[in-house]
Amino acid sequence: MTRTVYYTATSLDGFVADAEHSLSWLLSREADHEGVMGYQAFERTVGALVMGASTYRWIQDHGGPEGWTYTQPAQVLTHRELAPFPGADIRFRAADSPEELRAVHAELVAAAGERDVWVVGGGPVAAQFAAAGLLDEVVVSIAPVTLGAGAPLLPARVELVVREVARNGEFACVRYDVVRPG
Ligand SMILES: NC(=O)c1ccc[n+]([C@@H]2O[C@H](COP(=O)([O-])OP(=O)(O)OC[C@H]3O[C@@H](n4cnc5c(N)ncnc54)[C@H](OP(=O)(O)O)[C@@H]3O)[C@@H](O)[C@H]2O)c1
């Protein structure tokens, strides 16, 4: 059964990017991507993915024309006209109500097949999925740093249950189940 998973790296004080939208505090860290809760193993479980406009712009700005490495169908939530990556399976759309978000989610689940839906980020997108009762899991890799400010991990009240705790390189990794609202 397809699960909807917010998988991300965060600072200890709950930011997924610093105040300048930089990930230098993260990309410099040592991790085993094939190891426990690592990215390579996770990526194989992903059948479709969704992200917000800032995250998409970060990939455009830092990855260049070859920066879109995902082979899965993707949806980018935005009100802007964003340039697509040639050949990539990306749908750009707004979801201005819970009903519209549920429609986005239904398409993601259908596209994912037997695999899972990855909420790439940022935090506001994950918060919208949680508020709509559409988020099943949160998986965080916590970098050993505090940033003091930046883009928030999950700016909402979300109740969680710890399912798995591990160390991967410099990261403390935790898998949580989301307790559905209501
Ligand atoms: N640490 C990590 O592993 C990790 C992972 C992911 C992202 N990041 C970084 O974290 C930062 C996240 O930035 P962010 O907090 O601004 O979040 P974001 O979700 O990437 O982008 C937010 C923007 O997405 C659009 N959006 C969100 N929900 C929408 C909806 N329902 N309908 C239409 N548009 C919607 C809006 O843009 P418009 O309305 O203006 O189009 C909104 O301003 C980025 O710098 C990213 O690179 C880090």
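This one's a predicted model, so the numbers in the text were calculated from it and none came from an experiment. (Residues numbered from 1 in each chain as written. Predicted model: local features only at pLDDT ≥ 70, side-chain atom pairs only at ≥ 80, totals over all residues. Heavy atoms only, no water.)

A. Local environment of the site of the ligand. Taken together, 25 residues are adjacent to the ligand, and His21, Thr55, Thr78, His79 and Gln128 come closest. In this structure, His79 approaches the ligand through a side-chain N or O atom, which is 2.6 Å from an oxygen atom. Within the backbone of Ala95, a nitrogen or oxygen atom sits 2.8 Å from a nitrogen atom of the ligand. Across the complex, the protein chains shield 83% of the 930 Å² of accessible surface that the ligand would expose by itself. Contributing elements (two or more residues each) for the shell around the ligand: strand S1 (4-11), strand S2 (15-17), helix H3 (53-63), strand S6 (116-121) and helix H5 (123-131). Tallying contributions element by element places H3 first for the shell around the ligand, with 4 residues. In the shell around the ligand, the residues fall into 14 nonpolar, 10 polar and 1 charged. (Near = heavy atom within 4 Å. Polar contact = N/O pair within 3.5 Å; in protein donor to acceptor, adjacent residues only side chain to side chain. Areas by Shrake-Rupley, 256 points an atom, 1.4 Å probe, with all protein chains shown as cover. Helix = DSSP H or I, 4+ residues; strand = E, 2+ residues; numbered from the N terminus. Nonpolar A, V, L, I, M, F, W, Y, C, P; charged D, E, K, R; others polar.)

B. Region of interest: the environment of Val179. You can see Val179 is positioned in the segment after strand S10 (171-178). Residue Val179 is classed as partly exposed on the basis of its relative accessible area of 41%. Residues Val179 and Thr55 lie 124 residues apart in sequence; the distance between their C-alpha atoms is 26 Å. Residues within four places of Val179 in sequence aside, it is in contact with Glu159, Leu160 and Val161. (Buried < 20%, exposed > 50% of the residue type's maximum accessible area, 1.4 Å probe, protein only. Contact = heavy atoms within 4.5 Å.)

C. Representation of the pattern of salt bridges. This model, assessed by the stated rule, comprises 13 salt bridges. In this structure, the salt-bridge partner of Glu107 is Arg93, at a minimum N-O distance of 3.0 Å. Pair noted here: Glu107 is in helix H4 (residues 98-112) and Arg93 is in strand S5 (residues 90-93), with a separation of 14 residues, a long-range link. The partly exposed category is assigned to Glu107, whose relative accessible area is 33%. (Salt bridge = Lys/Arg side-chain N within 4 Å of Asp/Glu carboxyl O.)

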